[in-house]
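Structure at a glance
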Amino acid sequence: QVQLVESGGGLVEPGGSLRLSCAASGSIFNIYAMGWYRQAPGKQRESVAVITRGGNTNYADSVKGRFTISRDNAKNTVYLQMDSLKPEDTAVYYCNARIKPIGVPASDYWGQGTQVTVSS
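Right, let's walk through the structure included here. Model, not experiment: these values are computed from the prediction. (Residues numbered from 1 in each chain as written. Predicted model: local features only at pLDDT ≥ 70, side-chain atom pairs only at ≥ 80, totals over all residues. Heavy atoms only, no water.)

**Some words on the overall build of the protein chain**
- Each helix and strand in the protein chain was counted, giving zero helices and 11 strands.
- Going residue by residue from the N terminus, the α and β elements of the protein chain occur as β-β-β-β-β-β-β-β-β-β-β.
- In terms of overall dimensions, the protein chain is globule-like: its C-alpha atoms have a radius of gyration of 14 Å, near the 14 Å expected for 120 residues.
- On the principal axes, the C-alpha backbone points of the protein chain span a range of 50 × 30 × 25 Å.
- Buried residues in the protein chain amount to 38% of all 120 residues.
- For the protein chain, the share of sequence-separated contacts (at least 6 apart) that also reach a separation of at least 24 residues comes to 53%.
- By element, 49% of the accessible surface of the protein chain is carried by carbon and sulfur atoms, the whole surface being about 6,500 Å².
- Computed over 12 positive and 9 negative side-chain charges, the separation of the two mean positions in the protein chain equals 7 Å. (Helix = DSSP H or I, 4+ residues; strand = E, 2+ residues; numbered from the N terminus. Rg over C-alpha atoms; globule rule 2.2 N^0.38 Å. Buried < 20%, exposed > 50% of the residue type's maximum accessible area, 1.4 Å probe, protein only. Contact = heavy atoms within 4.5 Å. Areas by Shrake-Rupley, 256 points an atom, 1.4 Å probe, with all protein chains shown as cover. Lys, Arg positive; Asp, Glu negative; His and termini not counted. Charge placed at Lys NZ, Arg CZ, Asp CG, Glu CD.)

Spelled out as structure tokens, the structure:
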């Protein structure tokens, strides 16, 4: 199994920045992709940014140009740099890891979530 621990959430003013971190441990060698999802009150959980093992990235249209996902393989950690934050970015942010061992279906693991609040 894979364990994911998020950190870096908090309260910021509009236009501010936060950097989220997700540290992975356990059976990490078969991770196919990692990403960040968020869920705002009254809304469905949505994908924010994903990075594959090959380094390809995908972003939600709402965050393109403002958020950057990156990884540090030596630390087994994925980051989400969030700049120019808006009130509509307020949500609980969850780290995701997709595992694809050879010969078995893919499975997803999730962190506990970290709260991001953007408010004046």
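**Brief notes about the state of the cysteines**
- Tallied over the full model, the rule gives one disulfide.
- Two residues, cysteine 22 and cysteine 95, share a disulfide whose sulfurs are 2.0 Å apart. Classification of the bridge connecting cysteine 22 and cysteine 95 rests on its S-S torsion, roughly -85°, and on that basis the disulfide is left-handed. On the criterion of sequence distance, the pair formed by cysteine 22 in strand 3 (residues 18-26) and cysteine 95 in strand 9 (residues 91-99) is long-range, its members being 73 residues apart. Here cysteine 22 and cysteine 95 have matching classes, each one buried. (Disulfide = S-S within 2.5 Å.)

**Thoughts on unusual backbone geometry**
- Even without being glycine, asparagine 76 reaches a positive phi, approximately 50°.
- Of note, asparagine 76 is situated in the loop between strand 7 (67-72) and strand 8 (77-82).
- Since its relative accessible area comes to 32%, asparagine 76 is described here as partly exposed.
- Residue serine 84 is not a glycine yet carries a positive backbone phi of 50°.
- Counting through the fold element by element, serine 84 comes out in the loop between strand 8 and strand 9.

**Focus: the sheet that holds strand 1 (residues 2-7)**
- Read across the open sheet, the four strands follow the order 1-3-8-7; overall the sheet is antiparallel. Whereas interior strands pair on both sides, the edge strands pair on one side only; in this sheet they are strand 1 and strand 7. Each strand axis lies, on average, 20° off the axis of its neighbour in the sheet, ignoring direction. (Pairing = 2+ DSSP bridges. Axes fitted to C-alpha atoms, helices over the stretch in contact; angles between N-to-C directions.)

Honestly, it's all geometry; don't read function into it.
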